[in-house]
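Structural overview for review
Single-letter residue listing:
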Amino acid sequence: MQRRTIQTHPIEGQKPGTSGLRKKTRVFMGPHYLENFVQAIWLAIGGVRGKTLVLGGDGRYFNDRAAQVILRMAAAGGAAKVIVGQNALLSTPAASNLIRQRRTDGGIILSASHNPGGPDEDFGIKFNCANGGPAPEDLTGRMYEETRRMTSYDIVEAQDVDLSRLGALRLGDTVIEIVDPVADYASLMARLFDFEAIRALFAGGFTLRFDAMHAVTGPYARAILEDMLGAPSGSVVNAEPKPDFGGGHPDPNPIWAKYLVDLVMGPDAPDFAAASDGDGDRNMILGRGIVVTPSDSLAVLAANAHLAPGYARGLTGVARSMPTSRAVDRVAAARGLDLYETPTGWKFFGTLLDAGRVTLCGEESAGTGSDHVREKDGLWAVLLWLNILAVTGRSVADTMRAHSRDFGRNYYTRHDYEGLESDAAAAMMAALRARLPDLPGQDFAGRRVETADEFAYDDPVDGAHSAGQGIRVHFAGGARIVFRLSGTGTEGATLRVYLEDYISDPARLELPVEEVLADMIAAADAIAEIHARTGRTAPDVRT
Ligand code: VG1
Ligand code: CO
């Protein structure tokens, strides 16, 4: 087998964002693009020689080709072993689990998550560390530095590895072990949850619709929900992973999964419905007549997790990303749990989970997870919900009603303005930043600003400092607006505006969200001058 050193040159813009490096697929397919970044990973982790890695992705277009390149580069770098999901498939949480269970040195996940896939859509790659979690900022920073002084990379010349058959083979001196992507993950789920109780729930006629959105969770959901737990066959839909996700956005929210919202609001509503995203780390939870917002779901799971065997001892603490609503804070306060507020992105939960400070964590962007892996986990959230419903015998709607009665309700919505001109978006944020000192005491849409700042985070475990993590404006009475720019897009800029108000009055717990937040929506525009600076009169996505 021929090992070759290929001359290359630094490529602009290989800077990992909120979750790895994401670009248009054609950019990744360009000369040296993927190879440069993989070489930068090897360099940033101190070389791949002698190491064992996990490799898999969400099955999007170019997943299979990229996996072959990475295997040849791992072999050229002298890796001891690469554990690959069959056909190069692994959901993000399953990859995290394999990294941990097999005590490897880390892994590479190929995904652009909820972004669409295909030759004209998006692709992505990220490195996870030995704890199973996304590389922290200092490591992604080193990768970026390496891309800026890249001169060559090493790769072996070889035929494609047949990744369709389970078992072990060799590529040079590197062992390639091809594993069932579902098996280890499914047994982890069986250890955490009361499968007997959930089986009894389905046996009693409880109905479910799980939509895999033609993405990676299809095989996982079929195996676990239908085969192991006895949900009627056909409960899992769109279960065949496709390179272009069937042409849709594999993004489980009320826009891209509107048909699920229509289903639960209509006459044929199942008892429970859910969806996951491209790489299986997000979740959307719905019940008959109700859509549960991700922030509320986190709060409900925190309040009830002890009903599942894996969490019967209770939680050590909970964490949420800063823009996530403060619904979970109320649960933490009532239960005496420590509460941590982190910047957006799962990588910031890793140290807290590793140190045992928190058991559960979540983000408003449909991400929820626990210390069972170091990624958010879509199917895990679905199973925890099912476990809770199986034990309490309540419907989703009754569970939410009871929760608001106990804790009040954090009305919450996120407005996204997509495809903004990058410079205009940056100028808007700069102007907002400049206004911060003047905001306290001013009234907007009849509400007074109490405090306004730009969020920065000091990791309480390792002391790492992260600045510029979103602008927060707090109003009298507990309302809040957060502004930040997305770090996962591949074109232009996306402004995210997170709006929240807290209501405990028992007579006002079931109002339309946009009605309760109308003041905040008007205030957001007045404060950030969204319309004036971008010309936009309405958001592209409301979650
Ligand atoms: C978004 C979400 C963030 C999430 C990230 C990755 O980031 O807001 O909460 O962690 O996507 O999720 P941003 O920077 O675009 O707001 V996934 O499912 O893409 O791995
Ligand atoms: Co995802």
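Residues numbered from 1 in each chain as written. Chains lettered and ligands numbered in written order. Predicted model: local features only at pLDDT ≥ 70, side-chain atom pairs only at ≥ 80, totals over all residues.

Regarding the pairing of strand β8 (residues 167-171)
As defined by bridge partners, β8 adjoins strand β9 (residues 174-179) across five bridges and the pair is classed as antiparallel. The residue of β9 that forms the bridge with Leu171 is Thr174. The hairpin formed by β8 and β9 contains two residues between the paired strands, and Gly172 there has a positive phi angle of roughly 60°. (Pairing = 2+ DSSP bridges. Helix = DSSP H or I, 4+ residues; strand = E, 2+ residues; numbered from the N terminus.)

Comments concerning the site of ligand 1
Taken together, the neighbourhood of ligand 1 is formed by 18 residues, with Thr18, Ser113, Ser486, Gly487 and Thr488 sitting nearest. Considering only residue class, the shell around ligand 1 consists of one nonpolar, 12 polar and five charged. (Near = placed C-beta within 6 Å. Nonpolar A, V, L, I, M, F, W, Y, C, P; charged D, E, K, R; others polar.)

Here we look at the sheet that holds β8
An order of β2-β6-β5-β3-β4-β9-β8 is seen for the seven strands of this open sheet, with the pairing classed as mixed. The open sheet is flanked by β2 (21-24) and β8, the only strands paired with a single partner. On average, each strand axis in the sheet is inclined to that of its neighbour by 20°, with strand direction left out of account. As paired elements, strand β5 (residues 106-110) and strand β6 (residues 122-128) share four bridges and run antiparallel to each other. When the sheet's bridge partners are listed, Ile108 is paired in β6 with Phe127. Packing of helix α3 (residues 63-76) onto the sheet brings it into contact with β3 (52-57), β4 (81-89), β5, β8 and β9, and relative to β4 it is tilted by some 170°. (Axes fitted to C-alpha atoms, helices over the stretch in contact; angles between N-to-C directions. Contact = placed C-beta atoms within 7 Å.)

Topic: the nonpolar core
Taken as a class, soluble globular proteins show a tendency for nonpolar side chains to be buried jointly. The biggest cluster of nonpolar side chains holds 128 residues, and the ones touching the most others in it are Ala302 and Leu384. The element best represented in this core is helix α13 (residues 378-392), accounting for 11 residues. Here this core spans two domains, since at least three of its residues come from each of domain 1 (2-180) and domain 2 (185-407). For Ala302, the residues in contact, after removing those within four places along its chain, are Leu315, Val318, Val328, Val331 and Leu360. (Core = buried A, V, L, I, M, F, W, Y, C linked by C-beta atoms within 7 Å. Buried ≥ 20, exposed ≤ 12 C-beta atoms within 10 Å, placed from the backbone. Domains from an automatic or database assignment.)

Some remarks on the domain arrangement of the protein
Assigned domains within the protein: domain 1 (2-180), domain 2 (185-407) and domain 3 (409-542). Once you take the C-alpha centre of each, domain 1 and domain 3 turn out to be 35 Å apart. Elements represented by at least two residues in the side of domain 1 that touches domain 3 include exactly β2 and α5 (137-147). Ranked by the residues each element gives to the side of domain 1 that touches domain 3, the list is headed by β2, at three residues. Per-class residue counts for the side of domain 1 that touches domain 3 are one nonpolar, four polar and six charged.

Thoughts on unusual backbone geometry
Not every positive phi belongs to a glycine, and Met213 is a case in point at roughly 55°. Mapped onto the fold, Met213 is located in the loop between β10 (208-211) and α8 (217-228). With 28 C-beta atoms counted inside 10 Å, the residue Met213 sits in the buried group.

Brief notes about the packing of helix α10 (residues 294-304) against helix α14 (residues 396-407)
The description of two packed helices rests on the angle between their axes and on the distance between the axes. At a closest axis distance of 11 Å, the pairing of α10 and α14 adopts a crossing angle of 80°. In terms of orientation, α10 lies roughly perpendicular with respect to α14. Each of Asp296, Ala299, Val300 and Ala303 in α10 lies in contact with α14, whose residues at this interface are Thr399, Met400, His403 and Phe407. Its residues placed into classes, the contact of α10 with α14 shows five nonpolar, two polar and one charged. (Parallel < 35°, antiparallel > 145°, perpendicular 65-115°, else oblique.)

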